[in-house]
Amino acid sequence: MIEKIIEFDKKYYMNTFGDRVKLMFKEGKGIELTNYDGTVYKDFFAGIAVSALGHSHPVLVDALKNQVSKLLHTSSIYYVENQALLAEKLCKKTCFDKVFFANTGAEANEGAIKLARKYYYNQGIDKYEIITLNNSFHGRTVTTATATGQEKYKKPYAPLTPGFVHIDANDIDALVKTVNDKTCAIMVELVQGESGVRPLDIEFVSAIRKICDEKNILMIVDEVQTGIGRTGKFFAYEHFNIEPDILTSAKALGGGVPIGALLAKDFVASAFVPGDHGTTFGGNPLSTCAGLATLEIIENEKLVENSLELGTYFKAELEKAIGDKCKEIRGIGLMIGIEFKQPIGKAVNAKLMENKYLAGSVGDSVLRVVPPLIVTKEDVDGFVECISIIMNEF
Ligand SMILES: Cc1ncc(COP(=O)(O)O)c(C=O)c1O
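Residues numbered from 1 in each chain as written. Predicted model: local features only at pLDDT ≥ 70, side-chain atom pairs only at ≥ 80, totals over all residues. Heavy atoms only, no water.

## Quick look at the overall build of the protein chain
For the protein chain, the helix and strand inventory stands at 13 helices and 17 strands. Over its C-alpha trace the protein chain gives a radius of gyration of 21 Å, about what one expects of a compact globule, namely 21 Å for 394 residues. Its C-alpha atoms put the protein chain at 60 × 55 × 45 Å along the principal axes. When the 394 residues of the protein chain are sorted by exposure, 53% land in the buried category. Restricting the contact set of the protein chain to residue pairs at least 6 apart, pairs at least 24 apart contribute 70%. (Helix = DSSP H or I, 4+ residues; strand = E, 2+ residues; numbered from the N terminus. Rg over C-alpha atoms; globule rule 2.2 N^0.38 Å. Buried < 20%, exposed > 50% of the residue type's maximum accessible area, 1.4 Å probe, protein only. Contact = heavy atoms within 4.5 Å.)

Written as structure tokens, this is what we have:
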């Protein structure tokens, strides 16, 4: 079966994913994914930090079945019940006043960048420059690839969107030197995910907030990966004692159904007026139904609390299991990066897979572990036992 699909993939699918991991899943339940030959894998990667509820959560499945049988799409020309209800819910749970729904993280970030520039444009102030961080990841559209602080994602697509500058994470001197009277926003991931799970220093985040307040600059946090409980708070900014002006979310928000969101405080959200921004699919009845069900499950099952508690436990157990082969174990909540002293990240990941555990690797020496937020202590203990046995081989 998989051989035929690989053949079709190679022949008909654009070669953007290269030689993929040679697995294909038929179904999933909880944290388990089942292969076409019936082999069961424990999912500690959650489809790149998306499947916070695990797979086929019965409450999400019922909500979606019900929605699919009633209505999929109308466009936002009309009022959309779930869209308004989900917007209300997100505002009530955060420091933000208004929401706009997109379909992906990149699209939410595009919206954030447009909103920041529009805010100053409306006031006749010539500010357009956006500071982002080296090693960041903000998406794959031309503008979000420009915002991304990694050359490999953007070099071939020049000319890029003008007005982006990058500084090193946690470099307060560079921040102060780079801000100028054209700076309209500073955009950061509070935990850099794609570059190996690297939380920003709290002092650096405070310095960003302070300089934004002093110099009339907007602070944008990209919580596409860190949001919806991943770090043990609903949004990661709550760990840093600051309130951003604009925030973006996606990944876990729909429990696996594509949805992105742009959240902003009223003073900046009001910069968008009818016609400035839009989308055909964003916030349609189906994706916002998924968002509502996801948030309900996260609340009812106390998954944010589980993320914090089990994340702390998981990291401590990993330290014990990996010991001095490990350079650092980073992350907050259930967003964990294990940096090995040797470039063995990919090999450890391959061994985990042989033992039916799914995780991710970044570069040569980092293992990325982002399990569904429904993971239990027993699941964590199973992973730790497996990796501690594997480490004997390295
Ligand atoms: C922090 C961050 N921002 C943006 C994106 C882009 O999201 P999407 O792939 O949904 O466009 C990602 C994806 O990994 C991400 O991790």
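## A few points about the domain arrangement of the protein chain
Segmentation of the protein chain into domains returns domain 1 (2-56 + 302-391) and domain 2 (71-300). Inter-centroid distance (C-alpha atoms) of domain 1 to domain 2 is 26 Å. The partner domain 2 presents 28 residues to the 27 residues of domain 1 that form the contact. At the boundary of domain 1 with domain 2, total buried surface from both sides reaches about 2,300 Å², with 65% on carbon and sulfur atoms. The largest share of the area that domain 1 buries against domain 2 comes from Leu53, Ile332 and Met335, three residues that together contribute 29% of it. Summed over the shared surface of domain 1 and domain 2, the number is one salt bridge. Put simply, Arg368 and Glu194 hold a salt bridge, and the shortest N to O gap is 3.3 Å. Among the secondary structure elements, those contributing two or more residues to the side of domain 1 that touches domain 2 are helix H2 (46-49), helix H11 (303-322), strand S13 (326-332), strand S14 (335-340) and strand S17 (366-369). Class assignment for the residues of the side of domain 1 that touches domain 2 results in 19 nonpolar, four polar and four charged. (Domains from an automatic or database assignment. Buried area = accessible area lost by both parts, 1.4 Å probe. Salt bridge = Lys/Arg side-chain N within 4 Å of Asp/Glu carboxyl O. Nonpolar A, V, L, I, M, F, W, Y, C, P; charged D, E, K, R; others polar.)

## Examining the pairing of S14
Of all six residues making up S14, six are buried, and the element is well covered by its neighbours. With burial as the criterion, each face of S14 is covered, one bearing Met335, Gly337 and Glu339 and the other bearing Ile336, Ile338 and Phe340. Connecting the antiparallel pair S13 and S14 is a turn made up of two residues, with Gly333 showing a positive phi of about 60°. Both S14 and S17 contribute to a ladder of four bridges, which runs antiparallel. Within S17, the residue paired with Glu339 across the bridge is Val366. (Pairing = 2+ DSSP bridges.)

## With respect to the environment of Gly193
Relative to the helices and strands, Gly193 resides in the loop between strand S8 (191-192) and strand S9 (198-199). Classification of Gly193 by relative accessible area gives buried; the value is 0%. Separated by 130 residues in the primary sequence, Gly193 and Gly323 place their C-alpha atoms 23 Å from one another. With residues near it in sequence (within four places) discarded, Gly193 still touches Gln225, Met335 and Arg368.

## Points about the site of the ligand
Near the ligand you find 13 residues, and of these Gly105, Ala106, Asp222, Gln225 and Lys251 are the closest. Here a nitrogen atom of the ligand sits 3.3 Å away from a polar atom, N or O, in the main chain of Phe137. Taking 390 Å² as the accessible area of the ligand by itself, protein coverage stands at 81%. Per-class residue counts for the shell around the ligand are three nonpolar, six polar and four charged. (Near = heavy atom within 4 Å. Polar contact = N/O pair within 3.5 Å; in protein donor to acceptor, adjacent residues only side chain to side chain. Areas by Shrake-Rupley, 256 points an atom, 1.4 Å probe, with all protein chains shown as cover.)

## Here we look at the sheet that holds strand S5 (residues 129-133)
On the basis of which strands lie adjacent, the open sheet formed by seven strands has the order S4-S12-S11-S10-S7-S5-S6 and mixed pairing. Since the sheet does not close on itself, it has two edges, and those belong to strand S4 (98-102) and strand S6 (164-167), each with one partner. The mean inter-strand angle of the sheet, taken between neighbouring strand axes irrespective of direction, is 20°. With respect to the sheet, helix H4 (residues 81-93) is in contact with S4 and strand S12 (260-264), its orientation differing from that of S4 by roughly 125°. Where helix H8 (residues 202-215) meets the sheet, its contacts fall on S5, S6, strand S7 (183-188) and strand S10 (218-222), and the angle it forms with S10 comes to roughly 145°. (Axes fitted to C-alpha atoms, helices over the stretch in contact; angles between N-to-C directions.)

## Examining the sheet that holds strand S15 (residues 357-358)
In spatial order, the strands read S1-S2-S3-S15; together these four strands make up an open sheet with mixed pairing. Each edge of the open sheet carries a strand with a single partner, namely strand S1 (25-29) and S15. Pairing between strand S3 (residues 40-43) and S15: two bridges, direction parallel. Its bridge partner being in S15, Asp43 is matched across the sheet by Leu358.

## Here's the deal with the pattern of salt bridges
Within the structure shown, the criterion is met by 23 salt bridges. For Asp266, the salt bridge is made with Lys98, and the minimal N-O distance between the two is 2.9 Å. One end of the pair, Asp266, is in helix H9 (residues 266-269); the other, Lys98, is in strand S4, with 168 residues separating them in the sequence. On the basis of relative accessibility, which here comes to 43%, the residue Lys98 falls in the partly exposed class. Linking Lys320 and Glu317 is a salt bridge whose minimum nitrogen-to-oxygen distance equals 2.8 Å. Here Lys320 pairs with Glu317, and both are found in helix H11, just three residues apart, close to one helical turn. A relative accessible area of 62% places Lys320 in the exposed class. On the basis of relative accessible area, Glu317 is assigned to the buried category, the value being 17%. Via salt bridges that share partners, Lys327, Glu328, Arg330 and Glu339 belong to a single interconnected network.

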